[in-house]
Amino acid sequence: MENLEAKILQADSLEALEKVRIELFGKKGVLAAQFAKMKDIPGPEKKAFAEGLNKQKAALQALFDKRYEELKAEEIERLLKAEAIDVSLYGTLAQKGALHPVMETMDKIIDYFTALNFSVETSGMVEDDFHNFEALNLPKYHPARDMQDTFYFKDGGLLRTHTSPVQIRTMFKEKPPIRMIAPGAVFRRDYDVTHTPMFHQVEGLVVDEKGKVSFANLKAILTDFLQYMFGDVDVRFRPSFFPFTEPSAEVDISCIFCGGEGCRVCSHTGWIEILGCGIVDPNVFKAVDYEDVSGYAFGLGVERIAMLMHKIPDLRSLFEGDIRLLEQFR
Ligand code: PHE
């Protein structure tokens, strides 16, 4: 019987122990064979034999049960180790996208004007000479055309150099009063730290009955807009020239880098130029057959504002698609 105990103790897995169980306790097992001998035992010895056998069986069963519990515990331990999940490990996070800083700035500008009931107008980036220049009081060979280095197509079409043609297209389409902005891409032959051949503008145009729209209105709305964009800045209007507005102004804000003290960014003037604007020139209204109206218009560069808001030193980096730059704007 000793070697039966050894068999139980030496079983090193539940499968091995199961084999031992069949060998010992099974119908054709060692114990069954012992009990089968009962019939050959003479009467008076039967009882003692049976008792002895039952004791042995109980002892083996107890040993078996103990070994079973041990192996079961080992098995559970092994499974726990193998299937363990380290809840403190970092998972792989899904990459999260973000708006490009130019689009984010554009959205902020659009939000401001739509809240004031401006409509948002768009038209194509491929324009013709009439809508991009002529209707905007820029006749052929007018020297002011040099202000905007234009990409031309062979058939005479061109890539719009500003969003001002959307003014013309909207006035042809609608009757006054008009309150619109036109966000979109524009193109000029320019490339340096503050210029890229493609950039974005937001145009603004307000037209109403003669006398209803004044330079004071223009000044008020643009001052409020620039303080919405840049916070507590000073705003100044400087006389300027655009063929499609008269009078015209360029608008500066006090330098957000030095607070007006003078620094490299503002070329030590304390001011940063932000946009162009003015009262719509009568020749523009003539081109679209509008009579007895007055209006103001403005146009601003979105990249320039994004650059200032995010302190980006080279405008070209906005369009290189370098994920390391873009990741900073998540
Ligand atoms: N179209 C002008 C530009 O691109 C900006 C502007 C728009 C100025 C409207 C005055 C009025 O420079």
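Residues numbered from 1 in each chain as written. Predicted model: local features only at pLDDT ≥ 70, side-chain atom pairs only at ≥ 80, totals over all residues. Heavy atoms only, no water.

Topic: the overall build of the chain
Then, number 1: Helix and strand counts for the chain come out as 11 helices and nine strands.
Then, number 2: A compact globule built from 330 residues would reach a C-alpha radius of gyration of about 20 Å, whereas the chain, at 44 Å, exceeds it by more than 25%.
Then, number 3: Along the first, second and third principal axes, the C-alpha set of the chain runs to 135 × 45 × 40 Å.
Then, number 4: Going through the 330 residues of the chain one by one, you find that 40% of them count as buried.
Then, number 5: Partitioning the contacts of the chain with sequence separation of at least 6, the portion at a separation of at least 24 is 65%.
Then, number 6: Accessible area for the chain stands at about 19400 Å²; split by element, carbon and sulfur atoms hold 54% of it.
Then, number 7: For the chain, the separation between the mean place of its 40 positive charges and that of its 51 negative charges on side chains is 10 Å. (Helix = DSSP H or I, 4+ residues; strand = E, 2+ residues; numbered from the N terminus. Rg over C-alpha atoms; globule rule 2.2 N^0.38 Å. Buried < 20%, exposed > 50% of the residue type's maximum accessible area, 1.4 Å probe, protein only. Contact = heavy atoms within 4.5 Å. Areas by Shrake-Rupley, 256 points an atom, 1.4 Å probe, with all protein chains shown as cover. Lys, Arg positive; Asp, Glu negative; His and termini not counted. Charge placed at Lys NZ, Arg CZ, Asp CG, Glu CD.)

What to know about the layout of surface pockets
Then, number 1: In this structure, the largest pocket encloses a volume near 830 Å³.
Then, number 2: If you go around the largest pocket, you meet 36 residues; those closest to its centre are Arg188, Phe199, Gln201, Glu273 and Gly301.
Then, number 3: Looking at the lining of the largest pocket, the elements that each hand over two or more residues are helix 7 (164–173), strand 5 (198–209), strand 7 (245–254), strand 8 (271–280), strand 9 (293–301) and helix 10 (302–310).
Then, number 4: By residue number, the principal contributor to the lining of the largest pocket is strand 8, which donates six residues.
Then, number 5: For the lining of the largest pocket, a count of residues per class yields 15 nonpolar, 14 polar and seven charged.
Then, number 6: In this structure, the second largest pocket encloses a volume near 400 Å³.
Then, number 7: Taken together, the elements giving at least two residues each to the lining of the second largest pocket come down to strand 8 and helix 10. (1 Å grid on protein atoms, 1.4 Å probe; cavity = no way out; pocket = protein on both sides within 12 Å on 5 of 7 lines; lining within 4 Å. Points joined across faces, edges and corners; volume = space filled by probe spheres on them. Nonpolar A, V, L, I, M, F, W, Y, C, P; charged D, E, K, R; others polar.)

Quick word on the site of the ligand
Then, number 1: What surrounds the ligand is a group of 14 residues, the closest being His162, Ser164, Arg188, Gln201 and Gly299.
Then, number 2: A distance of 3.0 Å separates a nitrogen atom of the ligand from a polar atom in the side chain of serine 164.
Then, number 3: Separating an oxygen atom of the ligand from a side-chain N or O atom of arginine 188 is a distance of 2.8 Å.
Then, number 4: In this structure the site holding the ligand corresponds to the largest pocket. (Near = heavy atom within 4 Å. Polar contact = N/O pair within 3.5 Å; in protein donor to acceptor, adjacent residues only side chain to side chain. Sits in = over half its atoms within 2 Å of the grid points.)

Description of the environment of serine 88
Then, number 1: One can find serine 88 in the loop between helix 4 (43–82) and helix 5 (101–115).
Then, number 2: On the accessibility criterion, serine 88 (61% relative accessible area) is exposed.
Then, number 3: Among the polar contacts made by the side chain of serine 88, one reaches the side chain of aspartate 86 at a distance of 2.6 Å.

Re the packing of aromatic side chains
Then, number 1: Inspection of the entire model under this criterion finds 12 aromatic pairs.
Then, number 2: With centroids separated by 6.5 Å and ring planes inclined at 20°, the aromatic side chains of phenylalanine 64 and tyrosine 68 adopt a geometry described as stacked. Of this pair, phenylalanine 64 and tyrosine 68 are both found in helix 4, four residues apart, which corresponds to roughly one turn of the helix.
Then, number 3: In this structure phenylalanine 64 comes out as buried when scored by relative accessible area, which is 8%.
Then, number 4: By relative accessible area, tyrosine 68 is classed as partly exposed at 35%.
Then, number 5: Lysine 108 extends its terminal NZ or CZ atom over the ring of tyrosine 228, reaching a point 5.3 Å from the ring centre.
Then, number 6: Above the ring of tyrosine 191, the side-chain terminus of arginine 316 is found at 4.9 Å from the ring centroid. (Phe/Tyr/Trp six-rings, centres within 6.5 Å; stacked < 30°, edge-to-face > 60°. Lys NZ or Arg CZ within 6 Å of the ring centre and 35° of its normal.)

A short note on a negative patch on the surface
Then, number 1: Judged by side-chain charge, Asp146, Asp149, Asp190 and Asp192 come together as a negatively charged surface patch.
Then, number 2: Looking at the element boundaries, aspartate 149 is found in the loop between helix 6 (129–132) and strand 3 (158–159). (Patch = residues over 30% accessible without salt bridge, like charges linked within 9 Å, V, L, I, M, F, W, Y side chains within 5 Å. Salt bridge = Lys/Arg side-chain N within 4 Å of Asp/Glu carboxyl O.)

Examining the domain arrangement of the chain
Then, number 1: Domain annotation of the chain identifies domain 1 (2–82) and domain 2 (101–329).
Then, number 2: Taking the mean C-alpha position of each, domain 1 and domain 2 sit 94 Å from one another. (Domains from an automatic or database assignment.)

Some details on the pairing of strand 6 (residues 235–242)
Then, number 1: As paired strands, strand 6 and strand 7 are joined by seven bridges and run antiparallel to one another. Note that in strand 7 the partner of arginine 236 across the bridge is aspartate 252.
Then, number 2: The hairpin formed by strand 6 and strand 7 contains two residues between the paired strands. (Pairing = 2+ DSSP bridges.)

Let's talk about the pairing of strand 8
Then, number 1: Summarising burial for strand 8: eight of the 10 residues are buried, a large majority.
Then, number 2: Here strand 8 pairs with strand 9 via five bridges, running antiparallel. Following the sheet pairing, isoleucine 279 is matched in strand 9 by tyrosine 296.

Here we look at the packing of helix 5 against helix 10
Then, number 1: The N-to-C vectors of helix 5 and helix 10 enclose an angle of 105°; their axes lie 9 Å apart at closest approach. As summarised for this structure, helix 5 and helix 10 are arranged roughly perpendicular, according to the angle between their axes. On helix 10, the residues that touch Pro101, Val102, Glu104, Thr105, Met106 and Ile109 of helix 5 are Val302, Glu303, Ile305, Ala306, Met309 and His310. (Axes fitted to C-alpha atoms, helices over the stretch in contact; angles between N-to-C directions. Parallel < 35°, antiparallel > 145°, perpendicular 65-115°, else oblique.)

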